[in-house]
Amino acid sequence: TGIWENTMAFLNDLLDIRADSDRDETIEAVRKDISFQGHNAWILIFSVFVASVGLNADSTAVVIGAMLISPLLGPIVGMGLGTAINDATMLRRSLTNLGVMVGLSLLTATLYFFISPFKEPTGELLARTFPTTFDVLIAIFGGLALIVAKAKKGTISNAIAGVAIATALMPPLCTAGWGIATGQWAYFGGAVYLFCINAVFIALSTFVVCKLLKFPMVKYANQAKRKRVSRWATAIGTLVLLPSIFFFWQLYSIQAKQIAVDTYFKNKIGYLGMRPTMEWDKETNKLDIVMFGEIVPQPTIEDWESKFYKIQDLEGCTVEFCQGSKMPTDTNGNV
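One structure accompanies this document, and this report is about it. For every chain, the first residue of the written sequence is number 1, and numbering continues from 1 along that sequence. Local features in this predicted model are restricted to residues of pLDDT 70 or higher, and side-chain atom pairs are both shown and tallied only at a pLDDT of 80 or more, whereas totals for entire chains, interfaces and linings draw on every residue. Excluding hydrogens and water, the side-chain values take into account all heavy atoms of the structure.

**Comments concerning helix H13 (residues 298-309)**
Put simply, the rule is: Numbering of helices and strands runs from the N terminus; a helix is a DSSP stretch of H or I covering at least four residues, while a strand is a stretch of E covering at least two. Given the number of residues in a helix, its expected span is that number minus one, multiplied by 1.5 Å. The buried label goes to any residue with under 20% of its type's maximum accessible area, the exposed label to any with over 50%, and the partly exposed label to all in between, with areas taken from a 1.4 Å probe on protein chains only. The arc in question is formed by the directions pointing from the helix axis toward the C-beta atoms.
The end-to-end C-alpha separation of H13 is 17 Å, in line with the 16 Å expected for 12 residues at 1.5 Å each. Those residues of H13 not exposed but buried are Ile 301, Trp 304 and Phe 308. The buried residues of H13 occupy an angular sector of 60 degrees when projected down its axis, which confines them to one face.

Here you go:
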């Protein structure tokens, strides 16, 4: 019993952050970070240009630099905190400023890529065109680290800088601008989707931590107004939470299928003298396997097909094997 009590006391001292959290100071700091005018507006514009150049030049270092100077995190944290403490003014300001920031970022990035003579997609650009479950996890843990760091007495600036790099809010917006400038609407949609994923889960993480730390609720003299604001904040929180669950499940399903396809191709497809290549279409859930070299007997191909359709994570997916002069076709019958 003594050992258990000592262990629990040690863990409590190690992990408890309530005593060292300054709630009032945190609320004021978040309030200041929401502001978007003057210096912050120019910092945002310049960080967009830096990120766009980095994406254009395929330079990871330059993109990281842009993430460090971007002020996008402020309004997103403000959304989560405003909802948690029932502060209608903070929530409204956060939503307004975030909308203006996103609009200005898209406009600046679109202008840069429209003027730039280099419009070919680079690795850095393509990496921001579709989110995965890993992006969700990064946003969740990054958001948790950010609000915990902000809540500590004497803010940990290194932690906040690290979160700015990890959550990567700026590059997806710049990629969306590239999508607009080049007419690549699928990439535009994927990049905006990635930004929304990051923003939603950072705000959600902020909300959860502020509730757990019991940040003081905003008091209203009028009881009816307090209830009205509370209902509004609850509605906003629900609108954030429900898409979060949907986003996570959708991305998890896509990721699970990709892993199952990769595992199947690596472990099941093999024949002496034959070299296979594969192409997985996430939109149609179709796997095309093209086989070069030695002709594979039909019974072997049928066995591979049978194994594919028995994989639980690939239910509803299709596979087509192509060898010799036969090539895969799309849904319109085109090679």
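What follows continues from the structure just given.
**Concerning the packing of aromatic side chains**
Selection rule: Under the pairing criterion, centres of Phe, Tyr and Trp rings, with the six-membered ring standing for Trp, must be within 6.5 Å; the plane angle then separates stacked pairs below 30 degrees from edge-to-face pairs above 60, leaving the rest tilted.
Taken as a whole and judged by the stated rule, the model has nine aromatic pairs. Taking the centre distance of 5.3 Å and the plane angle of 70 degrees together, the rings of Tyr 264 and Phe 308 count as edge-to-face. Linking Tyr 264 in helix H12 (residues 223-268) with Phe 308 in helix H13, this pair joins segments that are 44 residues apart in sequence. A relative accessible area of 0% places Phe 308 in the buried class. With a centroid separation of 5.2 Å and 90 degrees between ring planes, the pair formed by Phe 308 and Tyr 309 is classed as edge-to-face.

**Things to note about the pattern of salt bridges**
For clarity, the threshold we go by: Throughout this description, the term salt bridge denotes a Lys or Arg side-chain nitrogen within 4 Å of a carboxyl oxygen of Asp or Glu.
A full pass over the atoms with the stated rule returns seven salt bridges. Two residues, Lys 286 and Asp 288, come together in a salt bridge whose shortest N-O distance is 3.4 Å. This pair shows no difference in class: Lys 286 is buried, exactly as Asp 288 is. Of the charged contacts in the structure, one is a salt bridge between Glu 320 and Lys 286, with a shortest N-O distance of 2.9 Å. Residue Glu 320 is found in strand E3 (residues 318-323), and its partner Lys 286 is found in strand E2 (residues 286-293); the two are separated by 34 residues along the sequence. The pair Glu 320 / Lys 286 is uniform in exposure class, with both members buried.

**Things to note about the packing of helix H2 (residues 23-34) against helix H8 (residues 133-151)**
The criterion, for reference: In this analysis an axis means a line fitted to C-alpha atoms, helices contributing only their contacting stretch, and an angle means the value between N-to-C directions, from 0 to 180 degrees. Each angle receives one of four descriptions, namely roughly parallel if under 35 degrees, roughly antiparallel if over 145, roughly perpendicular if within 65 to 115, and oblique otherwise. Should any heavy atoms of two residues lie within 4.5 Å, those residues are considered in contact. Gly is placed with the polar residues, together with every amino acid not listed as nonpolar (Ala, Val, Leu, Ile, Met, Phe, Trp, Tyr, Cys and Pro) or charged (Asp, Glu, Lys and Arg).
Running from N to C, H2 and H8 cross one another at 120 degrees; their axes reach a closest spacing of 9 Å. On the basis of the axis angle, H2 is oblique to H8. Contact with H2, carried on its side by Thr 26, Val 30 and Asp 33, involves Ile 147, Lys 150 and Ala 151 of H8 and no other residues of that element. Split into classes, the residues belonging to the contact of H2 with H8 amount to three nonpolar, one polar and two charged.

**A word on the environment of Val 62**
Mapping Val 62 onto the fold places it in helix H4 (residues 60-69). Residues Val 62 and Val 50, spaced 12 residues apart in sequence, show a C-alpha to C-alpha distance of 6.8 Å. When near neighbours in sequence (up to four residues on either side) are disregarded, Val 62 contacts Val 50 and Gly 54.

**A short note on the packing of H2 against helix H5 (residues 73-84)**
We apply this condition: In this scheme the crossing of two helices becomes right-handed for a clockwise turn of the near helix relative to the far one and left-handed for an anticlockwise turn of less than a right angle.
Packing of H2 against H5 brings their axes to within 8 Å, and their N-to-C directions diverge by 135 degrees. For the element pair H2 / H5, the angle class is oblique. Crossing of H2 over H5 shows left-handed handedness. Judged by residue contacts, Ile 27, Val 30, Asp 33 and Ile 34 of H2 engage Gly 74, Pro 75, Val 77, Gly 78 and Leu 81 from H5.

**Description of the side chain of Thr 122**
Among the secondary structure elements, Thr 122 is positioned in the loop between helix H6 (88-115) and helix H7 (123-126). Under the relative-accessibility criterion, Thr 122 is labelled buried at 12%.

**Here's the deal with helix H3 (residues 39-56)**
For H3, with 18 residues, the first-to-last C-alpha span of 26 Å sits near the 26 Å given by 1.5 Å per residue. Residues Ala 41, Leu 44, Ile 45, Ser 47, Val 48, Ala 51, Ser 52, Gly 54, Leu 55 and Asn 56 constitute the buried set of H3. Where H3 is buried, its residues touch H4, H6, H7 and helix H10 (170-182). The first or second residue beyond H3 is Asp 58, which carries a positive phi of 60 degrees.

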